[in-house]
Amino acid sequence: MKTRTMKSVLVLAAALSLSSSLAAPFVWPAAWSADPASSAKKGGNYNNFTISDYKTINPFTSAEADSIPGTWLGGTAGLFQQDPTNDGFVPFMAESMPVVSNSGKRFVVKIRQGMKFSDGQAITADDWVTTFKIHTDDKVGSNSYDSFFINDKPITVKKINEYTLQFDFPQSSATAYPTMSYTPWPDHVFGKAYSAGGAEGVKKLWGLNVNPSEVVSPGAWTLQSYSAGQRAVLKRNTYWGEWNKDSAGAALPYLDTVTLKIVKDQNAALASYLAGELDVYAPRNADDLAQITKANSSGSLKSTLLPNVSPAATSQWITFNWNKADSPFKQKLFRDVRFRRAMSMIANRDAMVQLALGGLGVPTYYSVYPVFKNYISDSAPKYPYNLAGASALLAQLGFTKKGSDGYLVNAQGQKLEFTMSTNSGNTVREQLGRIFADEAKKVGVKVNFTPIDFNVLVGQLTAKGESRPFDAILLGLSGGDNIWPFGVNVVPCGTNLHSYNNPTKGGCLTSQEQLMTKLFYQGDSTVDQAARQKIGIQLLNTEAALQPVIFLVGGSYHVAYNNRLGGQYPRNLMDSYYGSRNVVTTFIK
Amino acid sequence: MVTFLFRRLLNLIPTFFLATVLVFVVIQLAPGDFLTPARLNPGISAQQLQNLADSFGLNKPFVEQYFQWLWNMLHGNMGLSFSYTQPVLDVAWPRVLNSMKLVLVYLVLFYAISVPLGVYGAVKQYSLGDRISGVFFYFLLGFPSFFIALLTIFGVLKLRQATGWNIPIIGMTSDGYDQLSLLGKFWDTLKHLIIPGLVLALGSVAGFTRVLRGQMLENLRSDYIRTARSKGVPEFSVIYKHTLRNAMIPFVAGIGGLLPGLITGAGFVEVVFAYPGITPMLLDALGAQDFYLIAAFAILPMIFLFLGNAISDILLAVVDPRIRFN
């Protein structure tokens, strides 16, 4: 209560001092939109969708990638935002770039003045501090918990005055800007609940049955209504428009409302898009593209279809288990880099793209998704499809002759055979696995390919110990960013998804793993983009030479939107990372 | 009567406990847990996984989790849904209400169709109408309801394209529902309910109609009907007051089974019509291994079944003069 009155007094003071000239708004650059700001129209409703129902409106308990608080209410509020034209960060809710001191570990940020939540209360330093406090309380179980720690050491956020924040990082960090760009949630809602009821008090707030008028948003949208399993409707937050203008000076967003329809699956979403009920859709495969093309050419739908905009930010790979104390033969085999290079040469990636992805994809050789071009180096070793080369490498391992059944055996009579699993029901992975097994058979390697239950598979993959319960697993990962595109849970030894080598004590086995672990943390703490990219490329080279995981193929990202929409990104800015549009600059023609 | 009901209740206690053990063990037997997908996130730390497991109580021994759950349940607390981080009942209640609307429309349509048809079949036995309706509804009985639903959607789509009528097919309300008047809201929802309700009703009419027809035929040939007719009781009264009332007795015993149906929803028909009922939510919960949400929906229908059976017993006593609980 005290802070609130304090806050209003200060707001009043600030308002008085600024009465002649309001703080400068954030102007959305004209380069971020394919249409000039002068052509934009105000009003209208934008129809988007989500697969499977929303789980909560509470930003601290929300865990989904696509959520109302994360994507919509808070997605347009943060101190800095990434510029899709050059991947750099620009001040957004911050007035200017921060003052950096203490060898890159201290950031002092001035907050843009005059910003308000959707209930009209001023957004001030307290909101950032409280939000930070709640995210880092382990009893809350917030999904953002990890982002406030670097190597288990916490970041601190301090209020200098109503409009100045000080961030102290335990070490310099590549992700300092995205870390500081978390959404500030209202102190007068969550801070109050937190001091009254602790973590439980916060968790109780803003469930799906919340009265929409109680939801307070710092971003471009606020909740208008939600009906379970059907739709959520968001409306424009006019207070946001006071500090967000287009390049012609008009308040953003243009749209009145955004309707998010909850559809059960992608097929239902496609059907709605074809019927003109949804304004956007992300086609998955050749079949989707064909159906949209057909509807467009028959005239029943007027929409724009952009196939193969960029590679998708996903990977598909095979990992071999180095911890097989129960089978010394296989353990020795899987730990031999020549074996893994041979396996990469067996993978017929072109056939995989053609057969499993319908021609819409690219072969991949590295852990970095091809969409993050800055971190891909063509000098890194590749082991493309080459059956003769694979046979030669396997011969070096002692597999020179084939047995009566056509499979390679060594001098001790041990057959070259292993089991490979993937999650059943994923048709793309099942096809990838079958293509791999067929090619392997040609050189005399017996691959017993078995799709199994997803949860069992993940249990095997993340098992720790000297004897882990699998030979090889074919799986995929997604997620990550173009700032430092290596997974904190993947590259360092002993982490959960360091899938090829995960002994009880979690140590590295090879010098390359040690080097990769070192480079990972080095890159993670390098603020300078160019220097970081250099480290990234060195890491990529080391990884490619070691081939701990055999990368196969990646899908493509396609864009489809109804022609009644304007204000999407120019074509050269669209990709699977930035997407195809900012909804705040989207308008109905 | 009271002692009878009390005895029933005592019988229920061991059944209830056995059922809770069974439900708990069966769900636990499935591999993995709610956090399995999170383990595949390249950005999540071990510490965070630990925090989540602690806050969901997934680290505790199995037996401790069971007794904690049972203890909470006996105090009316069905636990917290992992994915919604809200009490299970708060999360599920709006969906249950939606399902109830659909099930009520279905039941009304079901009885409105099957009772007259059953009576007609018995009164006009072997007539052309009797034969046609018999063949038709047996045919429908042979299809799973979600398949009839798909065929219906296809048919309605064609009809919409041919006529331009805006017949709602999926969902429970139209866009812009919030702006409608109270009456408008009612009408809008009803429009969305009729087709799935009809699909459910038509698919299951056959069984009830044939049994009712058989019961009616048996009663129509009995002595008391002949007596009634010879007394000069009007035919309508003979059929509906005397015969139908007696023919219905076996069905009253089955009413207990309807009560859990009210909250368990209409199954896959809800999924096909993208209806925001309880089934789609349960399927999501099963997929995500949202333990307490699944458990609640295994336990609640059971409790409702107990209650329903008790109500059936009471109703039987009212309808059937031969039953006395002494």
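A.B. asks: What's the story with the overall build of chain A in this structure? I'm lost.
C.D. replies: Looking only at helices and strands, chain A features 16 helices and 27 strands. Each of the three principal axes of chain A carries a C-alpha extent, and together these read 90 × 60 × 40 Å. Looking at chain A as a whole, 49% of its 589 residues qualify as buried. Contacts in chain A between residues far apart in sequence, at least 24 positions, make up 69% of those at least 6 positions apart.

A.B. asks: Any chance you could explain the sheet that holds strand β21 (residues 417–423) of chain A here in plain terms?
C.D. replies: Strand pairing within a sheet occurs via backbone hydrogen bonds; the two strands may be parallel or antiparallel. Residue and element names in this part refer to chain A. Taken together, the five strands give an open sheet; going across it, the order is β22-β21-β23-β17-β24, and neighbouring strands pair in mixed fashion. Single-partner strands in this sheet number two, and they are β22 (446–452) and β24 (549–551). The sheet shows a mean angle of 30° between the axes of neighbouring strands, taken without regard to direction.

A.B. asks: Before we go on, may I ask you to explain the pairing of strand β6 (residues 106–110) of chain A in this structure?
C.D. replies: When a strand is regular, its side chains alternate between the sheet's two faces. Residues and elements named next belong to chain A. Going residue by residue along β6, you find Phe107 and Val109 tucked away on one face and Arg106, Val108 and Lys110 left uncovered on the opposite face. Relative to β6, strand β5 (residues 99–101) runs antiparallel, the two being bridged by three bridges. Its bridge partner lying in β6, Val100 is registered against Phe107. The hairpin formed by β5 and β6 contains four residues between the paired strands, and Asn102 there has a positive phi angle of roughly 55°. Strand direction decides the pairing type here: β6 and strand β10 (residues 164–168), joined by five bridges, are antiparallel. The residue of β10 that forms the bridge with Lys110 is Thr164.

A.B. asks: What should I look at first to understand the environment of Phe320(A) in this one?
C.D. replies: Residues and elements named next belong to chain A. In this structure, Phe320 sits in strand β17 (residues 314–320). The spacing of Phe320 and Phe418 is 98 residues in sequence and 9.8 Å in space, taken between C-alpha atoms. Ignoring any residue separated from it by four or fewer positions in sequence, one finds Phe320 in contact with Phe334, Arg340, Ala472 and Tyr500.

A.B. asks: It is not clear to me how the domain arrangement of chain B should be interpreted in this structure. Could you clarify?
C.D. replies: Note on interface size: it is often stated as the accessible area lost on association of the parts. Residues and elements named next belong to chain B. Entries for chain B in the domain assignment read domain 1 (17–74) and domain 2 (100–319). Taking only C-alpha atoms into account, the centre of domain 1 sits 38 Å from that of domain 2. At the junction of the two partners, domain 1 supplies ten residues and domain 2 supplies nine residues. Ranked by residue count, the leading element in the side of domain 1 that touches domain 2 is helix α1 (residues 2–29), at five residues.

A.B. asks: Explain the interface of chain B and chain A to me, please; I cannot follow it from the model alone.
C.D. replies: Listed per partner, the contact involves 35 residues of chain B and 38 residues of chain A. Contributions of two or more residues to the side of chain B that touches chain A are made by α2 (36–39), α3 (46–56), α5 (88–123) and α14 (278–288) of chain B. It is α3(B) that contributes the most residues to the side of chain B that touches chain A, six residues altogether. Here the residues of the side of chain B that touches chain A sort into 15 nonpolar, 14 polar and six charged.

A.B. asks: What's the story with the environment of Pro469(A) in this structure? I'm lost.
C.D. replies: Residues and elements named next belong to chain A. By the secondary structure assignment, Pro469 is in the loop between α14 (454–461) and β23 (472–478). Accessibility expressed as a C-beta count within 10 Å gives 14 for Pro469, which makes it partly exposed. Ignoring any residue separated from it by four or fewer positions in sequence, one finds Pro469 in contact with Gln460 and Ala463.

A.B. asks: How should I be thinking about the domain arrangement of chain A in this particular structure?
C.D. replies: All names here are of chain A. Entries for chain A in the domain assignment read domain 1 (2–10 + 46–224 + 236–241) and domain 2 (314–555). Between domain 1 and domain 2, the C-alpha centre-to-centre distance is 38 Å. The interface of domain 1 with domain 2 comprises nine residues on the first partner and ten residues on the second. Among the residues forming the side of domain 1 that touches domain 2, the class breakdown is three nonpolar, five polar and one charged.

Cut-offs and rules
Residues numbered from 1 in each chain as written. Chains lettered and ligands numbered in written order. Predicted model: local features only at pLDDT ≥ 70, side-chain atom pairs only at ≥ 80, totals over all residues. Helix = DSSP H or I, 4+ residues; strand = E, 2+ residues; numbered from the N terminus. Buried ≥ 20, exposed ≤ 12 C-beta atoms within 10 Å, placed from the backbone. Contact = placed C-beta atoms within 7 Å. Pairing = 2+ DSSP bridges. Axes fitted to C-alpha atoms, helices over the stretch in contact; angles between N-to-C directions. Domains from an automatic or database assignment. Nonpolar A, V, L, I, M, F, W, Y, C, P; charged D, E, K, R; others polar.

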